[in-house]
Amino acid sequence: MASSSLAFPILQPQFRSPKNRSSSKPSTRSLSFRTIRASVSEKPSVSAPGVTVSPPENSKLPIRKIPGDYGLPLVGPFKDRMDYFYNQGRDSFFKSKVLKYGSTVFRANMGPGPFIAPNPQVVVLLDGKSFPVLFDVTKVEKKDLFTGTYMPSTELTGGYRTLSYLDPSEPMHAKLKQFMFYLLKSRRDHVIPEFKASYTELFTSLEKDLALKGKANFVAANDQAAFNFLAQAWFGTEPAQTSLGLDGPGLVSKWVLFNLGPVLSLGLPKYLEDLTIHSFRLPPSLIKKNYQRLYDFFYASSSSLLDEAENLGISREEACHNLLFSTCFNSFGGMKILFPNMMKWLGRAGAKLHAQLAEEIRSVVQSNGGNVTMRGMEQMPLMKSAVYEALRIEPPVPLQYGKAKRDLIIESHDAAFEVKEGEMLFGFQPFATKDPKIFTRAEEFVADRFIGEGEELLKHVLWSNGPETEKPSLQNKQCAGKDFVVLVARLLVVEFFLRYDSFEIEVGKSSLGAAVTVTSLKRARF
């Protein structure tokens with residue numbers, strides 16, 4: 001990737017706490033964040049109501065007491081945390097409780113618990129029928145719940161609660177989401193060409209590593225390509241030509257660790273890891289200089305966007321912190337998880353699917369004058385379905401939370417449950433989107449699942465904090481960049497199979513996404 005030096009004016013606003021900031025900044029400096037995506041829609045939905053897909057209040061199913069308990073104070077949360085992270089692991093933790101209680105709805109503690117989260121008690125929702133209540137903002141509150149039962153310090157975001165942590169009822173939510181819609185709409189024409197440029201460099205680097213070492217680390221190459229792409233597509237800036245250089249992905253990864261450490265597993269010895277990142281917060285001061293470098297880069301690259309933010313009633317400083325969060329945490333973080341996962345599932349699917357995708361993609365691109373276009377991609381049903389299937393089987397943001405605004409009745413497939421006002425609801429999305437009562441062969445990657453009549457199942461694809469058939473609006477918490485994520489995921493598949501006939505991989509474990517190593521690339525022969 002090109003590396004040169006270009007002098008950018010380095011603006012260094014100080015992250016002190018002004019006495020009067022907008023309502024999205026709390027008096028106590030604690031942060032919140034939610035996975036944000038970008039939408040390239042011509043006209044983002046502004047007046048649409050919030051997604052309302054929760055079950056009926058008057059259920060015909062038998063009312064059942066929610067099974068499970070929270071155990072003794074400190075002891076119960078600690079035991080559940082150790083089982084979740086170490087003794088059983090995440091998926092086995094949930095499966096064991098479903099078997100124990102005979103229910104996909106039950107009570108449990110969710111990490112991190114003591115001494116970071118004062119109240120880890122949640123009602124767990126693990127099926128495709130109960131889960132969607134988490135999207136209904138008339139029933140649940142989303143304030144400061146982006147990361148669940150704890151909220152990272154706002155010192156990690158310049159003292160502001162960013163969009164991901166705001167409930168739609170808060171005045172700044174609509175302003176900030178409208179700002180994100182503006183970003184995505186104003187830069188939509190740059191997405192396809194900049195993606196091609198950045199990911200052509202990625203493919204070239206993979207080929208060089210394969211030639212020299214016999215294998216290539218997809219994750220590291222993807223991190224650099226994703227950061228470069230977002231900087232070029234949204235801000236028209238090449239990071240390598242600024243003082244940031246090629247350091248962006250590394251700085252972001254360290255900063256994300258300080259945000260998400262309490263709910264990650266890094267592979268350290270069990271008790272050491274639990275004591276260091278699950279029991280106590282990492283001091284934000286340790287990452288402040290790195291965050292400042294990122295902030296300076298975005299502030300220098302976003303002048304016209306910040307002008308628009310002021311027109312919407314958002315200060316330049318708050319707008320810049322939100323641009324940084326949306327780009328680095330939500331979008332870069334999403335691509336860091338989603339793209340390796342997609343390569344994993346496509347790689348495992350084998351050469352037959354690769355040949356089918358290559359034929360479909362190349363045929364459509366050729367018929368469109370050799371150009372990759374959004375209209376052309378709509379003519380690729382197998383490619384579209386494969387992308388949706390990757391989002392279904394392994395959604396990039398698996399955990400969702402909501403706090404009941406009032407007493408509710410929530411239905412699973414088999415029973416109804418009474419939830420009291422103020423109780424925390426938690427959903428583990430991979431179980432909901434692999435619900436065998438909704439999807440056949442639910443645990444398998446079925447690339448053509450959403451072709452033809454299968455499109456009806458898209459309402460059960462929930463990765464965007466809402467059904468795939470719904471649209472983000474100012475009134476809901478569905479990802480602002482829902483369309484953007486789908487677009488870039490499609491672009492990855494299209495650009496890859498324009499260049500290659502097939503590929504082979506090895507897959508390892510990673511704290512975020514899959515650790516994918518490419519072991520073979522077969523260049524296109526037709």
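Just so we're clear, the structure is a prediction, and the values are computed from it rather than from any experiment. (Residues numbered from 1 in each chain as written. Predicted model: local features only at pLDDT ≥ 70, side-chain atom pairs only at ≥ 80, totals over all residues. Heavy atoms only, no water.)

Attention shifts here to the packing of helix H4 (residues 191-213) against helix H15 (residues 482-499). Where H4 contacts H15, the two axes come as close as 10 Å, and the packing angle between them is 45 degrees. When the interaxial angle is binned, H4 and H15 end up oblique. Seen along the crossing, H4 lies across H15 with a hand that is right-handed. Seen from H4, the contacting residues are Val-191, Ile-192, Phe-195, Lys-196, Tyr-199, Thr-200, Phe-203, Thr-204 and Glu-207; seen from H15, they are Phe-484, Leu-487, Val-488, Leu-491, Leu-492, Glu-495, Phe-496 and Arg-499. (Axes fitted to C-alpha atoms, helices over the stretch in contact; angles between N-to-C directions. Helix = DSSP H or I, 4+ residues; strand = E, 2+ residues; numbered from the N terminus. Parallel < 35°, antiparallel > 145°, perpendicular 65-115°, else oblique. Left-handed = near helix turned anticlockwise from the far one by under 90°. Contact = heavy atoms within 4.5 Å.)

On to helix H6 (residues 248-260), then. Compared with an ideal rise of 1.5 Å per residue, which puts 13 residues at 18 Å, H6 spans 18 Å between its outermost C-alpha atoms and is within 8% of the ideal. Every buried residue of H6 is accounted for by Gly-248, Pro-249, Leu-251, Val-252, Trp-255, Val-256, Phe-258, Asn-259 and Leu-260. Those residues of H6 that are buried are in contact with helix H5 (218-235), helix H8 (288-301) and helix H10 (316-349). (Expected span 1.5 Å × (residues − 1). Buried < 20%, exposed > 50% of the residue type's maximum accessible area, 1.4 Å probe, protein only.)

Okay, the packing of aromatic side chains next. For any two aromatic rings, the description comes down to two numbers: the centre-to-centre distance and the angle of the planes. All told, the structure shown has 40 aromatic pairs when counted by the stated rule. Plain terms: the ring middles of Tyr-84 and Phe-94 are 5.9 Å apart, the flat faces sit at 80 degrees to each other, and that makes the pair edge-to-face. With a gap of 10 residues between them, Tyr-84 in helix H1 (residues 75-87) and Phe-94 in helix H2 (residues 90-101) connect regions that are remote in the sequence. This pair shows no difference in class: Tyr-84 is buried, exactly as Phe-94 is. Residues Phe-203 and Tyr-500 carry aromatic rings whose centres are separated by 5.7 Å and whose planes lie at 90 degrees to one another, so their mutual orientation is edge-to-face. One end of the pair, Phe-203, is in helix H4; the other, Tyr-500, is in strand E9 (residues 500-508), and 297 residues separate them in sequence. Per residue, the accessibility class of Phe-203 equals that of Tyr-500, and both read buried. (Phe/Tyr/Trp six-rings, centres within 6.5 Å; stacked < 30°, edge-to-face > 60°.)

This part takes up the UniProt feature "binding site: heme" (unreviewed entry) in the protein chain. Summarizing the sequence annotation, UniProt attributes the feature "binding site: heme" (unreviewed entry) to Cys-479 in the numbering used throughout. Secondary-structure assignment places Cys-479 in the loop between helix H14 (429-432) and H15. (UniProt positions renumbered as here; feature names shortened; annotations may be inferred.)

Now for the sheet that holds strand E5 (residues 399-404). The strands making up a sheet associate through hydrogen bonds between their backbones, and the pairing can be parallel or antiparallel. Judged by pairing direction, the sheet is mixed, and its five strands sit side by side in the order E1-E2-E8-E5-E3 without closing on themselves. Edge strands, defined here as strands with exactly one partner in the open sheet, are strand E1 (105-109) and strand E3 (140-141). With five bridges joining them, E5 and strand E8 (residues 424-428) adopt antiparallel strand pairing. Counted as the bridge partner of Lys-403 is Met-424 from E8. Along the sheet, H2 makes contact with E1, strand E2 (121-125) and E8, crossing E1 at roughly 130 degrees. (Pairing = 2+ DSSP bridges.)

A separate point is the state of the cysteines. Under the counting rule described, the total for this entry stands at zero disulfides. Summary of cysteine pairing: Cys-328 is not part of a disulfide, and the nearest cysteine sulfur, belonging to Cys-320, is at 9.9 Å. (Disulfide = S-S within 2.5 Å.)

With 12 residues, H2 should reach 16 Å at 1.5 Å per residue; the first-to-last C-alpha distance of 17 Å fits that figure. The set of residues buried in H2 consists of Phe-93, Phe-94, Lys-97 and Tyr-101. Around the axis of H2, the buried residues are gathered within 90 degrees of arc, so they sit on the same side. Packed against the buried residues of H2 are H1, E1, E2, E8 and H14. At the C-terminal side of H2, Gly-102 shows a positive phi close to 65 degrees. (Arc of directions from axis to C-beta.)

Most often, soluble globular proteins keep nonpolar side chains buried together rather than apart. Core analysis: the largest hydrophobic core is formed by 117 residues, its most contacted members being Tyr-199, Phe-229, Trp-255 and Phe-339. Ranked by residues supplied to this core, first place goes to H10 with 15 residues. In contact with Tyr-199, not counting residues within four places along its chain, are Asn-222, Ala-225, Ala-226, Phe-229, Met-335, Phe-339 and Leu-492. (Core = buried A, V, L, I, M, F, W, Y, C linked by side-chain atoms within 4.5 Å.)

Glancing now at the environment of Met-377. Looking at where Met-377 falls in the secondary structure, it is placed in helix H12 (residues 374-377). Along the sequence, Met-377 and Ile-361 sit 16 residues apart, while their C-alpha atoms lie 8.0 Å from each other. In this view, Met-377 contacts Ile-192, Val-372, Met-383, Lys-384, Leu-487, Arg-490, Leu-491 and Val-494; residues no more than four positions away in its chain are not counted.

Taken as a whole and assessed by the stated rule, the structure comprises seven cavities of 30 Å³ or more. Computed from the structure, the second largest cavity encloses a volume of approximately 100 Å³. In terms of lining, the second largest cavity is formed by 14 residues, of which the most central are Leu-156, Phe-258, Pro-262, Arg-281 and Leu-282. Of all the elements, H6 adds the most residues to the lining of the second largest cavity, at three residues. In terms of residue class, the lining of the second largest cavity is built from 10 nonpolar, three polar and one charged. (1 Å grid on protein atoms, 1.4 Å probe; cavity = no way out; pocket = protein on both sides within 12 Å on 5 of 7 lines; lining within 4 Å. Points joined across faces, edges and corners; volume = space filled by probe spheres on them. Nonpolar A, V, L, I, M, F, W, Y, C, P; charged D, E, K, R; others polar.)

Across the sheet, three strands lie side by side as E4-E10-E9; this open sheet has antiparallel pairing. The open sheet has two edge strands with one neighbour each: strand E4 (216-217) and E9. Both E9 and strand E10 (residues 515-523) contribute to a ladder of eight bridges, which runs antiparallel. Residue pairing across strands places Phe-503 opposite Leu-521, the latter belonging to E10. H4 rests against E4, E9 and E10 of the sheet, and its axis sits at about 90 degrees to E10.

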